[in-house]
Amino acid sequence: MVEQLARQLAEELINSEYGKAFSVAKKAYDEDKEAQQMVQDYINMQNNFQDKLGTGNVTDEEKDKFYDDINKLNNAIRNHGTSGALYKAESDFNEYTQSIMNIIMTCIQNALTPENAGCSGGCSTCSGCH
């Protein structure tokens, strides 16, 4: 029963305005080859720098240049239409999902240790766990 409710909650989250916005943004990003290439360039830049750091032969100037270049590329990705929209939609969806999880955890904690929550422990009489 609990597992079924969890699946229903997941479906509700996916069908929420945040879930739908995330899905739409993901689809648009998946069709944008330029945005995907920018993200791949970002990943490659990070990996190449990590490899170089592993050798121990990186000057302070090279570090500064890397951080400047990676920040510029990160800003370009966030400001690019589809990748920026995807980043925002994903962040909004994750924040919304986390807020729901916080409500669940608070309700569980209040029910298990009502003396710490200042409530009766009976969710049926509770005006809200948040």
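Residues numbered from 1 in each chain as written. Predicted model: local features only at pLDDT ≥ 70, side-chain atom pairs only at ≥ 80, totals over all residues. Heavy atoms only, no water.

**Q** Mind showing me how you'd approach a nonpolar patch on the surface here?
**A** Taken together, M101, I104, M105, I108 and L112 make up a surface patch of nonpolar side chains, about 440 Å² in accessible area. Its place among the elements puts I108 in helix α5 (residues 81-112). (Patch = residues over 30% accessible without salt bridge, like charges linked within 9 Å, V, L, I, M, F, W, Y side chains within 5 Å. Areas by Shrake-Rupley, 256 points an atom, 1.4 Å probe, with all protein chains shown as cover. Salt bridge = Lys/Arg side-chain N within 4 Å of Asp/Glu carboxyl O. Helix = DSSP H or I, 4+ residues; strand = E, 2+ residues; numbered from the N terminus.)

**Q** Even after reading the chapter, I still don't get the packing of helix α2 (residues 17-30) against α5, so can you show me in this structure?
**A** Helix packing geometry: the angle between the two helix axes and the distance between the axes. Look at α2 against α5: their axes get within 8 Å of each other, and the N-to-C directions meet at 155°. Classified by the angle their axes make, α2 and α5 are roughly antiparallel. By crossing handedness, the relation of α2 to α5 is classed as left-handed. Along the contact surface, α2 presents Y18, G19, A21, F22, A25, K26, A28 and Y29, while α5 presents T82, S83, A85, L86, A89, E90, D92, F93 and Y96. Tallied by class, the residues present in the contact of α2 with α5 amount to eleven nonpolar, three polar and three charged. (Axes fitted to C-alpha atoms, helices over the stretch in contact; angles between N-to-C directions. Parallel < 35°, antiparallel > 145°, perpendicular 65-115°, else oblique. Left-handed = near helix turned anticlockwise from the far one by under 90°. Contact = heavy atoms within 4.5 Å. Nonpolar A, V, L, I, M, F, W, Y, C, P; charged D, E, K, R; others polar.)

**Q** Can you help me understand the packing of aromatic side chains in this one?
**A** Each pair of aromatic rings is reported with the distance of its centres and the angle of its planes. Evaluation of the coordinates by the stated rule reveals five aromatic pairs. Ring centres of F22 and F93 lie 5.6 Å apart, and the angle between their planes is 15°; on these two criteria the pair is classed as stacked. Remark: F93 occurs in helix α5 and F22 occurs in helix α2; sequence separation between them is 71 residues. Residue F22 is classed as partly exposed on the basis of its relative accessible area of 22%. Residue class for F93 comes out buried when judged on its relative accessible area of 15%. Plain terms: the ring middles of F49 and Y67 are 6.0 Å apart, the flat faces sit at 65° to each other, and that makes the pair edge-to-face. Of this pair, F49 sits in helix α3 (residues 33-55) while Y67 is found in helix α4 (residues 60-79), placing the two residues 18 residues apart along the sequence. With a relative accessible area of 7%, F49 lands in the buried category. On the basis of relative accessibility, which here comes to 45%, the residue Y67 falls in the partly exposed class. (Phe/Tyr/Trp six-rings, centres within 6.5 Å; stacked < 30°, edge-to-face > 60°. Buried < 20%, exposed > 50% of the residue type's maximum accessible area, 1.4 Å probe, protein only.)

Nothing here speaks to function; it is all geometry.
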